[in-house]
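# Residue-level structural notes
Each chain, letter by letter, is given below.
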Amino acid sequence: MSKAQKTSSARKRILETAEKLFYSEGIRSVGIDRVIAEAGVAKMTLYNHFSSKDELILEVLKYREEQFEAWIKQAMERNQSKGMSPLQAFFASIRSWFKKADYRGCSFINATAELADSRHAASQFSTEHKRRFREMLTDIIIKSEGPKAAAAAPAIHVLVEGAIVTSVCEGNAEAADIAEQAANILIAKAKRG
């Protein structure tokens, strides 16, 4: 194995380990030493890749975004292959996400709440992630229901974000169903014009 391969392998292991720990236990409660121990790397290896815990947090969120985008795309394709519209496939996908045993909500909402600093690079990245997520959802709505339905997209985005938080607080996936029902009402109203 070349030095570059070892480096990228160690970096990936650190990111995967930190992502799992930050998501399951919280960013502030997991220290660098714990990440190092569970990733099975030396402290210098971690600091060769990430200059600080703050940089690691940011890179973990970037990694999480890549993972989430790949997962939602695959989940939606699977659901659309069953005859669902893109919007139905989206809600079916988030419903299945809410039902996962390790589900703790949205990493980006969690990070923003935990960091409690809008100037933190990870908070700023989370804000940008939510903007990209809203754009994705708007595209899904337009593909499913046509351009007039886009008028309902901002409200539907708020519904989805609320469903994510509610599903964590209540410990069930019913919030996805409620958000989908409300989204359909908003879309029908937007299409009437």
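Scroll up to find the structure.
Here is a short report on the structure shown in this document. What you see is a predicted model, and the numbers here were worked out from it, not measured in a lab.

Let us look at the overall build of the protein. A count of helical and extended segments in the protein gives 9 helices and 0 strands. Written out in order from the N terminus, the α and β elements of the protein read α-α-α-α-α-α-α-α-α. Along the first, second and third principal axes, the C-alpha atoms of the protein reach 60 × 35 × 30 Å. In the protein, buried positions account for 44% of the 193 residues. In the protein, of all internal contacts separated by at least 6 residues, the share reaching a separation of at least 24 is 66%. Summed over its atoms, the accessible surface of the protein is roughly 10300 Å², and 53% of this surface lies on carbon and sulfur atoms. Across the protein, the centroid of the 29 positively charged side chains sits 2 Å from that of the 24 negatively charged ones.

What follows is about the pattern of salt bridges. Within the structure shown, the criterion is met by 16 salt bridges. For R34, the salt bridge identified is with E25, shortest N-O distance 2.6 Å. Judged by its relative accessible area of 31%, R34 is partly exposed. Taking the shortest distance from any N to any O, the salt bridge between E180 and R95 comes out at 2.7 Å. Taken together, the residues E180 in helix 9 (residues 174–192) and R95 in helix 5 (residues 86–98) connect sequence positions 85 residues apart. Across this residue pair, the class does not change: E180 and R95 are buried. One continuous salt-bridge network, built from bridges that share partners, spans K20, E25, R34 and E38.

What follows concerns the packing of aromatic side chains. Overall, the coordinates contain 9 aromatic pairs when judged by the stated rule. Plain terms: the ring middles of F68 and F133 are 6.2 Å apart, the flat faces sit at 55 degrees to each other, and that makes the pair tilted. With F68 in helix 4 (residues 53–80) and F133 in helix 7 (residues 121–145), this pair connects stretches of sequence that are 65 residues apart. You can call F133 buried: its relative accessible area is 6%.

Right, let's talk about unusual backbone geometry for a bit. Leaving glycine aside, a negative phi is the common case for residues, and trans is the common case for peptide bonds. One non-glycine residue, A116, lies in the positive phi region at around 50 degrees. Within the secondary structure, A116 sits in the loop between helix 6 (107–115) and helix 7. Residue class for A116 comes out exposed when judged on its relative accessible area of 65%.

A few words on helix 8 (residues 153–170). Here helix 8 contains 18 residues, and its C-alpha end-to-end distance of 25 Å stays within 8% of the 26 Å for a straight helix at 1.5 Å per residue. Along helix 8, the positions that sit buried rather than exposed are A153, I156, H157, V160, E161, A163, I164 and S167. For helix 8, the angular spread of buried residues about the axis comes to 150 degrees, placing them on one side. Every exposed residue of helix 8 that faces more than 90 degrees away from the buried side is listed here: V158, C169 and E170. Residues of helix 8 that are buried in the fold lie against helix 5, helix 6, helix 7 and helix 9. Positive phi appears at G171, one or two residues downstream of helix 8, with a value of about 70 degrees.

Basis of the calculations
Throughout this description, residue numbers start from 1 for each chain and increase along the sequence as written. Under the rules for a predicted model, residues below a pLDDT of 70 receive no local features and side-chain atom pairs below 80 are neither given nor counted, while totals for whole chains, interfaces and linings still include all residues. Processing note: side-chain calculations cover all non-hydrogen atoms of the structure and skip hydrogens and water entirely. Secondary structure counts use DSSP, requiring at least four H or I residues in a row for a helix and at least two E residues in a row for a strand, with both numbered from the N terminus. Burial classification: accessible surface area is computed with a 1.4 Å probe over protein chains only, and a residue below 20% of its type maximum counts as buried, one above 50% as exposed, and the rest as partly exposed. By definition in these notes, contact holds between two residues if any of their heavy atoms fall within 4.5 Å. Working definition of accessibility: Shrake-Rupley area with a 1.4 Å probe, residue cover restricted to the visible protein chains. Counted as positive: Lys and Arg. Counted as negative: Asp and Glu, with His and the chain ends omitted from the count. For this purpose, a charge sits on NZ of Lys, CZ of Arg, CG of Asp or CD of Glu. Salt bridge, as used here: a side-chain nitrogen of Lys or Arg that lies within 4 Å of a carboxyl oxygen of Asp or Glu. Under the pairing criterion, centres of Phe, Tyr and Trp rings, with the six-membered ring standing for Trp, must be within 6.5 Å; the plane angle then separates stacked pairs below 30 degrees from edge-to-face pairs above 60, leaving the rest tilted. To estimate how far a helix should extend, the number of its residues minus one is multiplied by 1.5 Å. The directions from the helix axis to the C-beta atoms are what the arc is built from.

Fair warning: the whole summary comes from geometry, so function is off the table for now.
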